Amino acid sequence: MVQSVGAKAGQGASPASGHEPREWTKVRERLRAEYGEGTFRSWFKLISYGDMRSGTMVFSVPTRFMRDWVKSNYADRILALLQAEIGHHAAPGPFLATL
């Protein structure tokens, strides 16, 4: 089962068909630098960009536990980094989760 999480994004985040947006690639690099390789591999490496839905970047994670852990422990930082990459016009939104 794939779990989805989302973060509101502004005009700057546009998916390139089948590829991660550059903003998400940069955020992943920052997360690796800030938290270290071990934490990155445990919690961030398996987060994959899904698509853009109604201004929300949608990400997938492999398990419900990972979704809940990332939401509880890293969502605020991920959203802050996304907002910094996308620009000041990005609307800060909730870290959404759907099954």
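Residues numbered from 1 in each chain as written. Predicted model: local features only at pLDDT ≥ 70, side-chain atom pairs only at ≥ 80, totals over all residues. Heavy atoms only, no water.

**Some thoughts on the overall build of the protein**
- A count of helices and strands for the protein gives four helices and four strands.
- Going from the N terminus to the C terminus, the protein shows its helices and strands as β-α-α-β-β-α-α-β.
- The contacts in the protein between residues at least 6 apart in sequence include a share of 70% that link residues at least 24 apart.
- Accessible surface for the protein amounts to roughly 5500 Å². Of this, 52% is attributable to carbon and sulfur atoms. (Helix = DSSP H or I, 4+ residues; strand = E, 2+ residues; numbered from the N terminus. Contact = heavy atoms within 4.5 Å. Areas by Shrake-Rupley, 256 points an atom, 1.4 Å probe, with all protein chains shown as cover.)

**What about the packing of helix α1 (residues 22-35) against helix α4 (residues 75-86)?**
- Direction vectors running N to C along α1 and α4 enclose 130°, while the axes themselves pass 9 Å from each other. With respect to their mutual orientation, α1 and α4 come out oblique. With respect to the hand of their crossing, α1 and α4 are arranged in right-handed fashion. The residues of α4 that touch α1, namely those facing Glu23, Trp24, Lys26, Val27, Arg30, Leu31, Glu34 and Tyr35, are Arg77, Ile78, Leu81, Leu82, Glu85 and Ile86.
- Taken together, the residues of the contact of α1 with α4 break down into eight nonpolar, no polar and six charged. (Axes fitted to C-alpha atoms, helices over the stretch in contact; angles between N-to-C directions. Parallel < 35°, antiparallel > 145°, perpendicular 65-115°, else oblique. Left-handed = near helix turned anticlockwise from the far one by under 90°. Nonpolar A, V, L, I, M, F, W, Y, C, P; charged D, E, K, R; others polar.)

**Some thoughts on the nonpolar core**
- If you look at the biggest cluster of nonpolar residues, it comprises 18 residues, and the most contacted ones within it are Trp24, Phe44, Ile47, Phe59, Val70, Ile78 and Leu82.
- Looking at this core, the element that brings in the most residues is α4, giving four residues.
- Here Phe44 is in contact with Arg28, Leu31, Tyr35, Thr39, Tyr74 and Ile78, once residues within four sequence places are set aside. (Core = buried A, V, L, I, M, F, W, Y, C linked by side-chain atoms within 4.5 Å. Buried < 20%, exposed > 50% of the residue type's maximum accessible area, 1.4 Å probe, protein only.)

**Examining the confidence of the model for the protein**
- Looking at the protein, pLDDT values average 75 and 70% of them are 70 or higher.
- Looking across the protein, the model is least confident in strand β4 (residues 96-98), with a mean pLDDT of 40, and most confident in helix α2 (residues 37-44), with 95.
- The model gives residues 7-17 a pLDDT under 50, and that stretch makes 36 contacts with residues more than four places away or in other chains. (pLDDT = per-residue confidence, 0-100.)

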